[in-house]
Amino acid sequence: MPSAGKTKRGKSSRKKSRKKSELDSALDQVTDESVAASMKEFQDLLAHAKGDTSELIHQNAQELEARLILLKKRKIDKEDFDFFVENQKRDLRVFVDSQPAQAQERAEKLTLRVLEIAGRVAIALI
């Protein structure tokens, strides 16, 4: 039963240009200004990675988003999340190094940089 006075989540009260993902909604709840810039960069990079044509970059972004949601819901702990991030970083370093020189910077930004920032974002979520 809804509690009285809680109208904050009303759908008609906000205009949305796109439907927010569960992760975007969770990130919006973080009010710590010290991580605000990191969170904005993370959201932007993650959105680019999810839309990337490289299957590995796209898959990494989706898995990362799923793990952050699990962390927020307390279905995994920070240690499990960190283990996932370290494994992804190790695997993705090989991927980045295998890219042509002109594509390495972009691949690194959409994989390793996203994972690097995710650690800071995860702390803010828990």
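Figured I'd write up the structure that's included with this text. If you're wondering where the values come from, they're calculated on a predicted model, not measured in any experiment.

Cut-offs applied
- Residues numbered from 1 in each chain as written.
- Predicted model: local features only at pLDDT ≥ 70, side-chain atom pairs only at ≥ 80, totals over all residues.
- Heavy atoms only, no water.
- Helix = DSSP H or I, 4+ residues; strand = E, 2+ residues; numbered from the N terminus.
- Buried < 20%, exposed > 50% of the residue type's maximum accessible area, 1.4 Å probe, protein only.
- Areas by Shrake-Rupley, 256 points an atom, 1.4 Å probe, with all protein chains shown as cover.
- Salt bridge = Lys/Arg side-chain N within 4 Å of Asp/Glu carboxyl O.
- Contact = heavy atoms within 4.5 Å.
- Axes fitted to C-alpha atoms, helices over the stretch in contact; angles between N-to-C directions.
- Parallel < 35°, antiparallel > 145°, perpendicular 65-115°, else oblique.
- Nonpolar A, V, L, I, M, F, W, Y, C, P; charged D, E, K, R; others polar.
- Expected span 1.5 Å × (residues − 1).
- Arc of directions from axis to C-beta.

## Some remarks on the overall build of the protein
For the protein, the helix and strand inventory stands at five helices and zero strands. For the protein, the sequential pattern of α-helices and β-strands runs α-α-α-α-α. When the 126 residues of the protein are sorted by exposure, 35% land in the buried category. Here the protein has roughly 8700 Å² of accessible surface; of this, 50% comes from carbon and sulfur atoms.

## Regarding the pattern of salt bridges
Across all of its chains, the model carries eight salt bridges by this definition. Salt-bridge contacts for Asp82 lead to Lys78; the nearest nitrogen and oxygen are separated by 2.6 Å. You can see Asp82 and its partner Lys78 sitting in helix H4 (residues 78–98), four residues apart, about one turn around the helix. On the basis of relative accessibility, which here comes to 30%, the residue Asp82 falls in the partly exposed class. With relative accessibility at 21%, the residue Lys78 sits in the partly exposed group. Asp91 is the partner of Arg90 in a salt bridge, and the nearest nitrogen-oxygen pair spans 3.6 Å.

## Describing the environment of His58
In this fold, His58 is placed in helix H3 (residues 55–72). A residue is classified by how much of its surface remains accessible, and His58, at 21% relative accessible area, is partly exposed. Separated by ten residues in the primary sequence, His58 and His48 place their C-alpha atoms 8.8 Å from one another. Discounting residues that sit within four places of it in the chain, His58 has contacts with Ala49, Lys50, Gly51 and Asp52.

## Quick word on the packing of H4 against helix H5 (residues 101–125)
Interaxial distance between H4 and H5 falls to 10 Å at its minimum, and their mutual angle equals 170°. The angle between the axes of H4 and H5 places the two elements in the roughly antiparallel class. Residues Lys78, Phe81, Val85, Gln88, Lys89, Leu92, Arg93, Phe95, Val96 and Asp97 of H4 touch H5, and the partners they reach there are Gln104, Ala107, Glu108, Thr111, Leu112, Leu115, Glu116, Ala118, Gly119, Ala122 and Ile123. The residue inventory of the contact of H4 with H5, partitioned by class, reads eleven nonpolar, four polar and six charged.

## Description of the environment of Ser38
By secondary structure assignment, the location of Ser38 is in helix H2 (residues 36–50). Along the sequence, Ser38 and Ala118 sit 80 residues apart, while their C-alpha atoms lie 8.8 Å from each other. Residues contacting Ser38, with those up to four places away along its chain left out, are Ile117 and Arg120.

## Quick look at H2
Helix length check: H2, at 15 residues, gives a terminal C-alpha distance of 21 Å against a target of 21 Å (1.5 Å per residue), a fit within 8%. Buried residues of H2: Ser38, Met39, Phe42, Leu45, Leu46 and Ala49, and no others. The buried residues of H2 occupy one face: seen down the axis, they fall within an arc of 135°.

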